[in-house]
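Per-entry structural report
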Amino acid sequence: MKMKTSITVARVKESKIKNYDFQNINFGSNTTDHMFISEYKNNEWRNPRIIPYQDVPFSPISLGLHYGQSIFEGFKAYKLIDGNISVFRPKKHFQRMNKSLKRMCMPLVSEDLFMSAIESLIQLEQNWVPNQNDASLYIRPLIIATEARLGVKISDEYLFMIVCMPMASYYNKNLKVKVETEFIRAADGGTGNAKCAGNYGAAFYPTQIANKQGFDQILWTDSEHHEFIEESGTMNVMFVIENKLITPAISNTILDGVTRDSIIKIAKDLGIKVEERKISYIELIDGFNSNVEIEAFGVGTAAVISPIECIDIKGKLFYPKISNDATYSILALKLSDIRTGKAEDLNHWNYIIKTSNDLN
Ligand SMILES: *Cc1c(COP(=O)(O)O)cnc(C)c1O
């Protein structure tokens, strides 16, 4: 048996949950009562602890603020229909976090530290996990370089934090997207497959231009040909063409999404043919022009599945199928049923948190 990392807990004097309106969840700045924090110094993660949610001090010369050693993760805790609280695939997120850390020359975190932190924090914040169908508690780990020193170098000190906030379900928010053929998100050999802060900052400008043109999101294309679809914002992208689920294969320019992986497994279990391969916007245009039924949707932890109702390709608009009996709707329902315990969790994706009732 592995030793569990011991995490000390300093509780708030009074929870702010009484003033929180779960009927009207407003995602963004309403964090829960507590946060996890640990400092990396002298080659080890120190003093892992849970403290009341609070601001943390940063030196203006913290390396992470200047040179971008900063990574994050995002996943969710759900209330199961049997009353248990489950975190969706935390170990998969843990593995991806360490991949991001490695790419950014940041110190890895042990599985034990990560899982102990999640377990303790969600145990403590269990009342913050919403009851409503498909609402969730969003969990955001982040690690940033904190060594106070100017000079372009790998930091020797870091801060690892985990914060949580309730999130409503995003049902029926259909997206209008634009295929981006000028700007890029990631190039071969770059950091596209790391969840590092800089990737998002660099995406804001082209996304802002698309927003001003009336689009919600960009569909990024490859950096070399500006032709092959990559992904979108913080979502991987999938198409259903002639009953086949087609999604760009994971590469070093595409983030290896946990939702993507889950949807692919569910689709295969349902007998849907899945192709992970390059897909060009020309193939999409050809499909639309020959009146083939096409579904398009984004998949990611935040919105889970976001149907795309309109795609701009080089100034021309195309309209994928939007329907409650479309393949994406079936896949979304199945994933939701697994996450909430209505369908059997054959792949063991739900990590059940021991709640106070189970503890002595
Ligand atoms: C987080 C993210 C995704 C989705 O990953 P999930 O694990 O499904 O949440 C996809 N693309 C990018 C760029 C992301 O940052």
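Provided above is the structure to which this section pertains.
In this report, we go over the structure that sits alongside the text. (Residues numbered from 1 in each chain as written. Predicted model: local features only at pLDDT ≥ 70, side-chain atom pairs only at ≥ 80, totals over all residues. Heavy atoms only, no water.)

**What about the packing of helix H2 (residues 90-103) against helix H3 (residues 111-124)?**
- Two elements in contact, H2 and H3, have axes separated by 10 Å at closest approach and are oriented at 130°. Put simply, H2 runs oblique to H3. The interaxial crossing formed by H2 with H3 has right-handed handedness. Across from Pro90, Lys91, Phe94 and Met97 in H2, the residues of H3 making contact are Glu111, Phe114 and Met115.
- Residues that form the contact of H2 with H3 fall into these classes: five nonpolar, no polar and two charged. (Axes fitted to C-alpha atoms, helices over the stretch in contact; angles between N-to-C directions. Helix = DSSP H or I, 4+ residues; strand = E, 2+ residues; numbered from the N terminus. Parallel < 35°, antiparallel > 145°, perpendicular 65-115°, else oblique. Left-handed = near helix turned anticlockwise from the far one by under 90°. Contact = heavy atoms within 4.5 Å. Nonpolar A, V, L, I, M, F, W, Y, C, P; charged D, E, K, R; others polar.)

**A look at the site of the ligand**
- Taken together, 16 residues lie near the ligand, and Lys195, Tyr200, Glu231, Thr259 and Thr301 sit nearest.
- Take Glu231: an N or O atom from its side chain is 2.4 Å from a nitrogen atom of the ligand.
- Measuring from an oxygen atom of the ligand, one finds a side-chain N or O atom of Thr301 at 2.6 Å.
- Its free accessible area being 380 Å², the ligand has 98% of it covered by the protein chains.
- Class assignment of the residues belonging to the shell around the ligand gives a composition of four nonpolar, eight polar and four charged. (Near = heavy atom within 4 Å. Polar contact = N/O pair within 3.5 Å; in protein donor to acceptor, adjacent residues only side chain to side chain. Areas by Shrake-Rupley, 256 points an atom, 1.4 Å probe, with all protein chains shown as cover.)

**With respect to the pattern of salt bridges**
- Counted according to the given criterion, the structure contains 19 salt bridges.
- With a closest N to O distance of 2.8 Å, Arg96 and Glu73 form a salt bridge. Within this pair, whereas Arg96 is found in helix H2, its partner Glu73 is found in the loop between strand E4 (70-72) and strand E5 (75-79), the two being separated by 23 residues in sequence. Accessibility assignment for this pair places Arg96 and Glu73 in one class, buried.
- For Glu293, the salt bridge identified is with Lys321, shortest N-O distance 3.3 Å. Of the two residues, Glu293 is situated in the loop between helix H6 (281-289) and strand E15 (294-300) and Lys321 in the loop between strand E17 (316-318) and helix H7 (327-340); the sequence distance between them amounts to 28 residues.
- On the basis of relative accessible area, Glu293 is assigned to the exposed category, the value being 52%.
- Lys321 gets classed as partly exposed once you look at its relative accessible area, which sits at 25%.
- Through salt bridges with shared partners, a single network forms among Lys244, Lys273, Glu275, Arg277 and Glu283. (Salt bridge = Lys/Arg side-chain N within 4 Å of Asp/Glu carboxyl O. Buried < 20%, exposed > 50% of the residue type's maximum accessible area, 1.4 Å probe, protein only.)

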